[in-house]
Amino acid sequence: MIVLLGVAVVILGFATRRNPVLVVGVAGVVTGLLGKMSPLEVLAAFGRSFADSRSVTVFAIALPVIGLLERYGLREQARRLIGRLGGLSTGRFLTAYLLVRQVTAALGLNSVAGPAQTVRPLVAPMAEAAAERSTGGPLPERLREKVRSYAASADTVGLFFGEDCFIAIGSILLITGFVNSTYHQNLEATQLALWAIPLAVCAFLVHGARLLLLDRQLQRDMALAAAEHDLPLPKETNK
């Protein structure tokens, strides 16, 4: 029972708001040593766990790369690119990204985009630049956060409703396995994937409409912000 002291280390670390990675690592070392493992065996266990779950921890490799790209002007280049597309508003751009994200997820390509890979370094800056161009001035912080939240929602909705159209996704296999083993049915993954297509289309229509209405909301919110601060109304450059 003494090996359960590792759980106490986790509880204590989270209660004192320490770094989660450090807390879990220390808890693993403490549990291994109390379980009469040698330091080399503990290190080998960490290595095996990392290798077995490398699909989950691959972000640790991608994040430094994205950080370097941002440091050398990736976000600025993204904003400059959207500035050249004069007819592309924030809502239209995010709707197009929603469609791309949903189609790629339906093909099983879940990792080609995501909050860390595309939303933060590319999609959000481009959506902000389109909003500033369409409203004719810099966005207040509240509206900037609103645009960022809509950019994140386009990625989340596209992935959530698109991935179920792919028959080899984990959720589809879990549902079919549970139903077949519990209720003695003969449910095929293809059946669930086909039924997920109409739901994905409805999700695109509903959220796409919300994204397209975002342009009108930004115009109205900018006008209200200008009136509150006694500023001249920004010129509308995109109708």
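Reading the values: the criteria
- Residues numbered from 1 in each chain as written.
- Predicted model: local features only at pLDDT ≥ 70, side-chain atom pairs only at ≥ 80, totals over all residues.
- Heavy atoms only, no water.
- Phe/Tyr/Trp six-rings, centres within 6.5 Å; stacked < 30°, edge-to-face > 60°.
- Buried < 20%, exposed > 50% of the residue type's maximum accessible area, 1.4 Å probe, protein only.
- Helix = DSSP H or I, 4+ residues; strand = E, 2+ residues; numbered from the N terminus.
- Expected span 1.5 Å × (residues − 1).
- Bend = angle between axes of the 7 residues up to and from the residue.
- Axes fitted to C-alpha atoms, helices over the stretch in contact; angles between N-to-C directions.
- Parallel < 35°, antiparallel > 145°, perpendicular 65-115°, else oblique.
- Contact = heavy atoms within 4.5 Å.
- Nonpolar A, V, L, I, M, F, W, Y, C, P; charged D, E, K, R; others polar.
- Core = buried A, V, L, I, M, F, W, Y, C linked by side-chain atoms within 4.5 Å.

Peer 1: Tell me what's going on with the packing of aromatic side chains, and back it up with residues and numbers.
Peer 2: Within a pair of aromatic rings, the relevant descriptors are the distance that separates the centres and the angle that separates the planes. Enumeration over the complete set of coordinates arrives at two aromatic pairs. Ring geometry for F160 and F161: centres 5.1 Å apart, planes at 75 degrees, overall edge-to-face. A relative accessible area of 23% means that F161 is categorised as partly exposed. Note on F178 and Y183: the rings are 6.3 Å apart at their centroids and 80 degrees apart in plane angle, and the pair reads as edge-to-face.

Peer 1: With reference to specific residues and values, describe helix α11 (residues 189–228).
Peer 2: Taking 1.5 Å per residue, 40 residues should reach 58 Å; α11 reaches 55 Å between its end C-alpha atoms and fits that length. The sharpest bend along α11 measures roughly 30 degrees and falls at D215.

Peer 1: Run through the packing of helix α7 (residues 90–106) against helix α8 (residues 115–135), naming residues and quoting values.
Peer 2: It is at 8 Å that the axes of α7 and α8 come closest, and there the two elements cross at 150 degrees. Relative to α8, α7 is oriented roughly antiparallel. Contacts between α7 and α8 pair T90, F93, L94 and Y97 from the former with T118, V119, V123, M126, A127, A130 and A131 from the latter. Along the lines of polarity and charge, the residues of the contact of α7 with α8 split into nine nonpolar, two polar and no charged.

Peer 1: Can you tell me about the nonpolar core, naming the residues and giving the values?
Peer 2: F93 and L94 are the most contacted members of the largest nonpolar core, which has 27 residues in total. Sorting elements by how many residues they give to this core places α8 first, with eight residues.

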